[in-house]
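# Reading the structure
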Amino acid sequence: MSLVPLLASLIMAGAGCGAIAAILITVQAQLPALRKLMADSRAIAADRDFLVQITAQTVPAVPVAAIRPRRSPVRAVRSGPVSALAAKPMRAAA
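What counts as what
Throughout this document, residue positions are counted from 1 along each chain, in the order its sequence is written. Where totals are concerned, whole chains, interfaces and linings use all residues; where local detail is concerned, this predicted model gives features only for residues with pLDDT of at least 70, and gives and counts side-chain atom pairs only at 80 or more. Think of the side-chain values as coming from all heavy atoms in the structure, minus any hydrogens and water. Helix and strand assignments follow DSSP, with helices taken as H or I runs no shorter than four residues and strands as E runs no shorter than two, numbered in order from the N terminus. Take the number of residues in a helix, subtract one, and multiply by 1.5 Å to get its expected span. One axis fitted to the seven residues ending at a residue, another fitted to the seven starting there: the angle between these axes is the bend at that residue. N or O atoms closer than or at 3.5 Å make up a polar contact, with two conditions inside protein: a donor-capable atom paired with an acceptor-capable one, and, for residues adjacent in sequence, both atoms drawn from side chains. Surface patches are defined over residues having more than 30% relative accessible area and no salt bridge, joining like charges when they lie within 9 Å and nonpolar side chains (Val, Leu, Ile, Met, Phe, Trp, Tyr) when within 5 Å. Note that accessible areas follow from Shrake-Rupley with a 1.4 Å probe, and for residues the cover is restricted to the protein chains shown. One side-chain nitrogen of Lys or Arg within 4 Å of one carboxyl oxygen of Asp or Glu is enough to make a salt bridge. Here's how the labels work: a residue is buried when its accessible area is under 20% of the maximum for its type, exposed when over 50%, partly exposed in between, all with a 1.4 Å probe on protein chains only.

So, about helix α1 (residues 3–55). Helix length check: α1, at 53 residues, gives a terminal C-alpha distance of 74 Å against a target of 78 Å (1.5 Å per residue), a fit within 8%. Along its length, α1 reaches its greatest deviation from straightness, about 50°, at Leu31, and the proline Pro32 lies no more than four positions downstream. Between the side-chain oxygen of the N-cap and the backbone nitrogen of Val4 there are 3.4 Å, and the N-cap of α1 in question is Ser2.

Okay, here's the thing in structure tokens:
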């Protein structure tokens, strides 16, 4: 067995462990900022809920029985003598 593949495997494993350690250190260093961000997010959500609550219009519900469809207006058609003008078809001037 050659020493080069073993050395390459150890280097790759060391690089992976180093990457995991860097991630953990970064997360640990940023925990205060993450806590502040989460607190701000909760405060904004609470403000949004409060504003919706104070601006919502509460209209009492109308009973369903009181609602009925509107009737369309009915026009009275007068039956009377037909004018002479309406009886002749009109032609457009050329």
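Let us look at a nonpolar patch on the surface. A grouping of Ile23, Val27, Leu31, Leu34 and Leu37 is seen on the molecular surface, where their side chains present a nonpolar patch of about 440 Å² in accessible area. With respect to the helices and strands, Val27 occurs in helix α1. We classify Val27 as partly exposed; its relative accessible area is 42%.

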